Amino acid sequence: MAQLTTIGQLPLNQPPVHHYTAYRPRPFKREEREKVTILYGGLTWKHERLVQGAMHNMKYNAEPLPNIARDDLDAGKELIDVGACCPTIFTTGSLVNFLKKEVAASSKEEVANKYVFLTAGACGPCRFGQYHESYSMALDGLGLRDFRMFLLAQDELDQGPSGGGGLEINLPLSLGLIWGILFGDLLTDLEYMTRPYEVNPGQTDKVLQASVEYLYGVFRERPDHGAKYGTLAWHLLTNYFTRALREVRKMWDAIEVDRVRVKAKVKITGEFWLQTHEGERNYNIKRWLEQEDAEVVAPPVAVWLHYLLHPTIRKLEHRHSTSKHPRIEEALLHALERIYRWTYNRFRNALAGLPNELPDQEELRELAEPFYHFELRGGEGHMLIGKALHAYHHKKAHMICELSPYSCMPNTMSIGSMANVIGKYPDLLYAPIEVKGDSEVHALSRCQMILTEAKRRAQDQFDEVLKKTGLSAEKIRKYEERHPEVRRATYKVPHRGYSGTAANYVIHLAEDRGLARA
């Protein structure tokens, strides 16, 4: 019988208890930069390629993880908590599968020294802030505890060097990453508003690929203008980027479109990771919607970046900040917000104003406030409600498709609030889709039920406009033959109070170009 020190205590020969310690990466040193590759992911291939250009410009070796596949879901489930939300499982599996292949080709030690993983950090009820703990659990399972991961704070542009100085998150890098993300958003808008109407199938994808590669070169060759204020002023005032976008616009001029095709317009909202992705992790739902005769309104990352300014603004407004000069900081943040929107609109205008304008964050807050308080942070917070009502009131889409990860806590709250919204606005078409990663048929069937009604409404709107203007498809075709510029992808059709592109196009030709009087 084991000897006891006193009654009730553990035996003296009990093995020592090893308490949990949070993951802490070993240093990534400045002298390692040339031989270490930074891995990253979580965005579309367009955003990731442009981000890569900004990283290469700063002399970092950078490589996006392969696009998510179904195998990544299975790998993630093997190594982490199966109750985790699917973005955690998918991303963990993607990182694990990539590292497994590299280990098989070399060794664990070589992989741990050759790569580091850069991911975004967060806080609040969304478990996104704890993703890196799942990654470290999976790395333990692979015997790669020495593999290095670093968190990038989403609300700081100048964080200084990381441990060891190998990764320095300064203004030139941060502005390059942000500008790359904004450009990715602009191209995404062009892509989704063009492809459903292209006359020559596949042409949009070819032009998109060429545009991304051209802009990759633009970011890779970005001039150096110092570490702080010089580079900030240059990024805000230079024509370097707008000239590049005008060249991109010329590429898109070559695409011929047929806007008389009637398409239901579907706005995608939801959890950031799922709504942004294009591929298997959200059932390829954007491409699937296009195959089902819909036009997708893709969510820009720029809206999330804009949203990140507002929690700090709210704190300053309510004097909940520890700042010594809250009024001055509040004024500076409002000025920064105006500069941000001005910059985005400047880029939009270089593309003939075609990409969608950013919604007003104050309007989103006011629309959502009766249903979801803006201070209930986590995930996209009140924006899911605000964006749905914004699209409804401004007639920007026929239906809303909200993508929510299985077991996502913030999105569960927003879906519950949307029940109240639908009660007040029963004609708002809303399809909440829970994504588990392996329930594709169920999810797409649920979406299709709402999409059927959206397509009917799109056709009714188009018929109403034809009747109102006295036009016919034949008359429109003859006009297009005489005025081929209206069939260019870069021809801007103004919003004339209808949700559908075809209806707005007809009313524009009739009233703005005088076709109804011809």
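Calculation criteria
- Residues numbered from 1 in each chain as written.
- Predicted model: local features only at pLDDT ≥ 70, side-chain atom pairs only at ≥ 80, totals over all residues.
- Heavy atoms only, no water.
- Helix = DSSP H or I, 4+ residues; strand = E, 2+ residues; numbered from the N terminus.
- Buried < 20%, exposed > 50% of the residue type's maximum accessible area, 1.4 Å probe, protein only.
- Contact = heavy atoms within 4.5 Å.
- Areas by Shrake-Rupley, 256 points an atom, 1.4 Å probe, with all protein chains shown as cover.
- Lys, Arg positive; Asp, Glu negative; His and termini not counted.
- Charge placed at Lys NZ, Arg CZ, Asp CG, Glu CD.
- Domains from an automatic or database assignment.
- Salt bridge = Lys/Arg side-chain N within 4 Å of Asp/Glu carboxyl O.
- Nonpolar A, V, L, I, M, F, W, Y, C, P; charged D, E, K, R; others polar.
- Pairing = 2+ DSSP bridges.
- Axes fitted to C-alpha atoms, helices over the stretch in contact; angles between N-to-C directions.
- 1 Å grid on protein atoms, 1.4 Å probe; cavity = no way out; pocket = protein on both sides within 12 Å on 5 of 7 lines; lining within 4 Å.
- Points joined across faces, edges and corners; volume = space filled by probe spheres on them.
- Expected span 1.5 Å × (residues − 1).

Remarks on the overall build of the chain
At step 1: Helices and strands together make up the secondary structure of the chain, namely 20 helices and 10 strands.
At step 2: Its C-alpha atoms put the chain at 100 × 55 × 50 Å along the principal axes.
At step 3: Out of the 518 residues in the chain, the part that is buried amounts to 53%.
At step 4: When contacts within the chain are restricted to residue pairs at least 6 apart in sequence, long-range pairs at least 24 apart make up 75% of them.
At step 5: Just so you have it, the chain exposes about 23,700 Å², and 53% of that area is on carbon and sulfur atoms.
At step 6: Measuring between centres, the 67 positive side-chain charges of the chain sit 4 Å from its 66 negative side-chain charges.

Regarding the domain arrangement of the chain
A common way to express how large an interface is: the accessible area buried when the components associate.
At step 1: Taken domain by domain, the chain holds domain 1 (65-155) and domain 2 (262-317 + 325-348 + 380-518).
At step 2: A C-alpha centroid distance of 32 Å is found between domain 1 and domain 2.
At step 3: Taken together, the 18 residues of domain 1 in the interface contact 20 residues of domain 2.
At step 4: Linking domain 1 with domain 2 are zero salt bridges.
At step 5: Sorting the residues of the side of domain 1 that touches domain 2 by element identifies helix H2 (70-79) and helix H3 (86-105) as the ones contributing at least two each.
At step 6: A total of four residues in the side of domain 1 that touches domain 2 trace back to one element, the largest contributor, which is H3.
At step 7: Classifying every residue of the side of domain 1 that touches domain 2 gives 11 nonpolar, four polar and three charged.

What to know about the sheet that holds strand E4 (residues 148-152)
Backbone hydrogen bonds are what pair the strands of a sheet, in a parallel or an antiparallel way.
At step 1: Across the sheet, which stays open at both edges, the four strands sit in the order E2-E1-E3-E4 with parallel pairing between neighbours. Of all strands in the sheet, those bounded by a partner on one side alone are strand E2 (61-64) and E4. Recorded for the sheet is a direction-independent mean angle of 30 degrees between the axes of neighbouring strands.
At step 2: In the sheet, strand E3 (residues 115-120) pairs with E4 via five bridges, with the strands oriented parallel. The partner of valine 116 across the bridge, within E4, is arginine 148.
At step 3: Each of strand E1 (37-40) and E2 touches helix H1 (residues 45-57); the most contacted strand, E2, lies at about 175 degrees to it.
At step 4: In the packing of H3 onto the sheet, contacts are made with E1, E2 and E3, and the angle to E3 comes to roughly 175 degrees.

Quick look at empty space enclosed by the protein
If a probe the size of a water molecule is rolled over the atoms, the empty space left behind becomes visible.
At step 1: Following the criterion strictly, the structure yields three cavities of 30 Å³ or more and no others.
At step 2: Quantified by volume, the largest cavity comes out at close to 60 Å³.
At step 3: If you trace the largest cavity, you find it lined by Thr44, His47, Asp185, Thr188, Asp189, Thr276, Glu278, Lys286, Ala298, Pro299 and Pro300.
At step 4: The greatest single-element share of the lining of the largest cavity, amounting to three residues, is contributed by helix H6 (residues 171-194).
At step 5: Partitioned by chemical class, the residues of the lining of the largest cavity number three nonpolar, four polar and four charged.

Details of the sheet that holds strand E9 (residues 399-405)
At step 1: Taken in spatial order, the four strands of this open sheet run E8-E7-E9-E10, and their pairing is parallel. The open sheet is flanked by strand E8 (294-297) and strand E10 (429-435), the only strands paired with a single partner. Across the sheet, the mean angle from the axis of one strand to that of its neighbour is 25 degrees, orientation sign disregarded.
At step 2: Note that E9 and E10 share seven bridges and pair parallel. When the sheet's bridge partners are listed, cysteine 401 is paired in E10 with alanine 431.
At step 3: Taken strand by strand, helix H16 (residues 383-393) contacts strand E7 (264-270) and E9, and its axis lies near 165 degrees from that of E7.

A word on helix H7 (residues 203-220)
At step 1: With 18 residues, H7 should cover 26 Å at 1.5 Å per step; its first-to-last C-alpha distance of 26 Å lies within 8% of that length.
At step 2: Regarding H7, the residues found buried are Gln203, Thr204, Val207, Leu208, Ser211, Val212, Leu215, Tyr216, Gly217, Val218 and Phe219.
At step 3: Buried residues along H7 sit in contact with H1, H6 and helix H9 (240-253).

Remarks on H16
At step 1: When you tally the buried positions in H16, you get nine out of 11 residues, the bulk of the element.
At step 2: Buried positions along H16 lie against E7, helix H10 (272-276), helix H12 (301-307), helix H15 (361-368), E9 and helix H17 (409-424).
At step 3: Taken from the residues just after H16, lysine 395 is the one with a positive phi, measuring 55 degrees.

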